[in-house]
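Here's the letter readout for the chains.
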Amino acid sequence: MVVDMRHALTILFCVLFFSGPALADRPPIVDAAAESQAAQISRMSDGDPVSRMQMLLAARELSDAALFALAATHPGLVEQLTDSTYRTAIDYIGSLPPPELHRVRQGETVIRTLRSMNSTEQGIVEALCEANSIKFKKFQAMRVGPLEGRIYRVEMTSTGKKKSTVSSEIALAWPGTPERDEESRVILTRYFNARPSQINNSVLPLIDGSFEAGPALSEDWVLREALVLGPNVPVNDIDIDTRNAIDGRYSLRFHADDETRRFNMVTQRITVVEGMTIRARTQVMSDNLRVEFQQRPTDVYLAMSFLDIYGTPVAPPKRAVARLHSHTWELLEIIAPVPAGADLIQLELLSAVSGTAWFDGVTLELVK
Ligand SMILES: [Ca+2]
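Not measured: the values here are computed from a predicted model.

### Some remarks on the domain arrangement of the protein
- What the domain assignment lists for the protein is domain 1 (2-195) and domain 2 (204-366).
- For domain 1 versus domain 2, the separation of C-alpha centres amounts to 34 Å.
- Each side of the interface is counted separately: domain 1 has 10 residues, and domain 2 has 14 residues.
- Of the residues assigned to the side of domain 1 that touches domain 2, the class counts are two nonpolar, three polar and five charged.

Shown next, in the form of structure tokens:
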């Protein structure tokens, strides 16, 4: 009888979630209510996988019209909410009992076996097993939690050949980066029968913010001297890393040690207009960043300098300083109004301590 109930629930979930995307004939009509619901979600913090998972959980109730409006600022989240496999994994997290859901919201990793699951949770697990070609009889456990500061992982383990343990995972809550967001917009254009707008976060003309131009730093980025400790050499290493990236294939890498004396930064100037409010973001990763010799712990950063037409600073720069030591990808963000007299902003990326730092997914948007 219990089994029958579970099957009944599975069928219910199939009807609710696996009937395929509800492709509309016409694009959804975004009214004021939909706009306001989308705005509530898009105002939430989205700097790390756990925050983005909170957004996904909160956005599950949105109508298609509100999701279409949300796609203007967060196309990746809307892609996950409208794709059946991602959506089932999000619904699984939403089905967890309140104490476990609380742990999810705290960023803890939660492990669940069938024994601790109620019938709703079991029904979703069964559906997830089916979507991932896992025999439900072989299912062992679910494990959900953030991974490497990049994604939120939903992992299922099952018994494989010779009693080995096989795992299968769904990566959710990836960061919104220019390249991945564009992929989501293409997918959502098919889903909604209309391309999501980008009105709410107009992109300023930053070029090659993902360092994808090739295996060498493109001419759009200019090296400028940031600081010199005594003699003028040796200079810090700055190159394109072809193995580590959070967006696309490449990232920007800085490396220095206690012998390094001259530190260059990587910069790009963009024309702006006084009164604009601008948001600059990058993801940064580090390996053994440490202060040696005369280095300063605050010299790993994303900065925005405000310049007049001749390149002279007209106001103090804004900086978002990265953490030292070793960490996976983390967000750095600056939101600032363009001060009076500024014609250009100069975006600056720098790591002027010993160790290695990577930057990727640099974006520049007009927020007001
Ligand atoms: Ca990249």
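Back to the text.
### Considerations on the sheet that holds strand β14 (residues 344-351)
- Taken in spatial order, the five strands line up as β6-β9-β14-β11-β12 in an open sheet, and their pairing is antiparallel. Two strands in the sheet have a free side with no partner beyond their single neighbour: β6 (222-228) and β12 (313-321). The mean inter-strand angle of the sheet, taken between neighbouring strand axes irrespective of direction, is 30 degrees.
- Pairing of strand β11 (residues 300-307) with β12, which is carried by six bridges, proceeds in the antiparallel orientation. Following the sheet pairing, Ala 303 is matched in β12 by Arg 319.

### Regarding the environment of Ala 226
- Here Ala 226 is to be found in strand β6.
- Spatially, the C-alpha atom of Ala 226 lies 41 Å from that of Thr 109, the residues being 117 residues apart in sequence.
- Aside from chain neighbours lying at most four places away, what touches Ala 226 is Phe 263, Asn 264, Met 265, Leu 350 and Ala 352.

### Digging into unusual backbone geometry
- A cis amide bond links Val 233 to the next residue, Pro 234, at an omega of -10 degrees.
- Checked against the element boundaries, Pro 234 lands in the loop between β6 and β7 (237-241).
- With a phi angle near 60 degrees, Ala 173 is a residue other than glycine that sits in the positive phi range.
- Within the secondary structure layout, Ala 173 lies in the loop between β4 (165-172) and α9 (178-192).
- Look at Ala 173 and you get buried, because 26 C-beta atoms sit within 10 Å.

### Brief notes about helix α2 (residues 32-42)
- What α2 keeps buried is the set Ala 34, Gln 37, Ala 38 and Ile 41. All buried residues of α2 fall inside an arc of 95 degrees around its axis, so they share one side. The exposed residues of α2 that point more than 90 degrees off its buried face are Ala 32 and Ser 36.

### Quick word on the packing of helix α6 (residues 84-94) against helix α8 (residues 119-131)
- Look at α6 against α8: their axes get within 10 Å of each other, and the N-to-C directions meet at 155 degrees. Considered as vectors, α6 and α8 are oriented roughly antiparallel to each other. For the pair α6 and α8, the crossing hand works out as left-handed. Residues Thr 85, Thr 88, Ala 89, Asp 91 and Tyr 92 of α6 touch α8, and the partners they reach there are Ile 124, Val 125, Ala 127, Leu 128 and Ala 131.
- Looking at the contact of α6 with α8 residue by residue, the class counts come to seven nonpolar, two polar and one charged.

### Concerning helix α5 (residues 75-82)
- The buried fraction of α5 is high, at eight of eight residues.
- Turning to α5, its buried residues number three or more, namely Pro 75, Gly 76, Leu 77, Val 78, Glu 79, Gln 80, Leu 81 and Thr 82.
- Tucked into the core, α5 has its buried residues touching α3 (49-58), α4 (64-70), α6, β4 and α9.

### Details of the packing of α3 against α5
- For the pair α3 and α5, the least separation of the axes is 10 Å and the interaxial angle reads 55 degrees. Taken together, the axis directions place α3 and α5 in an arrangement best described as oblique. Crossing angle aside, the handedness with which α3 passes α5 is right-handed. Of the residues in α5, those touching α3 at Arg 52, Met 55 and Leu 56 are Leu 77, Gln 80 and Leu 81.

### Concerning the nonpolar core
- One finds Val 300, Leu 350 and Ala 357 to be the most contacted residues of the largest nonpolar core, which totals 42 residues.
- Listing elements by their share of this core, those giving two or more residues are β8 (251-256), β9 (262-271), β10 (277-290), β11, β13 (325-337), β14 and β15 (354-366).
- Apart from residues no more than four positions distant in its own chain, Val 300 is found in contact with Leu 289, Val 321, Ala 322, Leu 324, Leu 350, Ser 351, Val 353 and Ala 357.
- If you look at the next biggest cluster of nonpolar residues, it comprises 40 residues, including Met 53, Tyr 92, Val 104 and Met 142.

### Some remarks on the pairing of strand β3 (residues 151-159)
- For strand β2 (residues 139-147) and β3, the ladder comprises eight bridges, and the chain directions are antiparallel. Looking at β3, one finds that Met 142 is bridged to Met 156.
- The loop that links β2 with its antiparallel partner β3 comprises three residues; one of these, Glu 148, has a positive phi angle of about 50 degrees.
- Where β3 meets β4, eight bridges bridge the pair, whose relative direction is antiparallel. When the bridges of β4 are listed, Glu 155 appears paired with Glu 169.

### Let's talk about the sheet that holds β4
- With antiparallel pairing, the four strands of this open sheet are ordered in space as β1-β2-β3-β4. Every interior strand has two partners, whereas the edge strands, β1 (110-113) and β4, have only one. Sheet twist, expressed as the mean angle between neighbouring strand axes with direction ignored, is 15 degrees.

So, how was this worked out
Residues numbered from 1 in each chain as written. Predicted model: local features only at pLDDT ≥ 70, side-chain atom pairs only at ≥ 80, totals over all residues. Domains from an automatic or database assignment. Contact = placed C-beta atoms within 7 Å. Nonpolar A, V, L, I, M, F, W, Y, C, P; charged D, E, K, R; others polar. Pairing = 2+ DSSP bridges. Helix = DSSP H or I, 4+ residues; strand = E, 2+ residues; numbered from the N terminus. Axes fitted to C-alpha atoms, helices over the stretch in contact; angles between N-to-C directions. Buried ≥ 20, exposed ≤ 12 C-beta atoms within 10 Å, placed from the backbone. Arc of directions from axis to C-beta. Parallel < 35°, antiparallel > 145°, perpendicular 65-115°, else oblique. Left-handed = near helix turned anticlockwise from the far one by under 90°. Core = buried A, V, L, I, M, F, W, Y, C linked by C-beta atoms within 7 Å.

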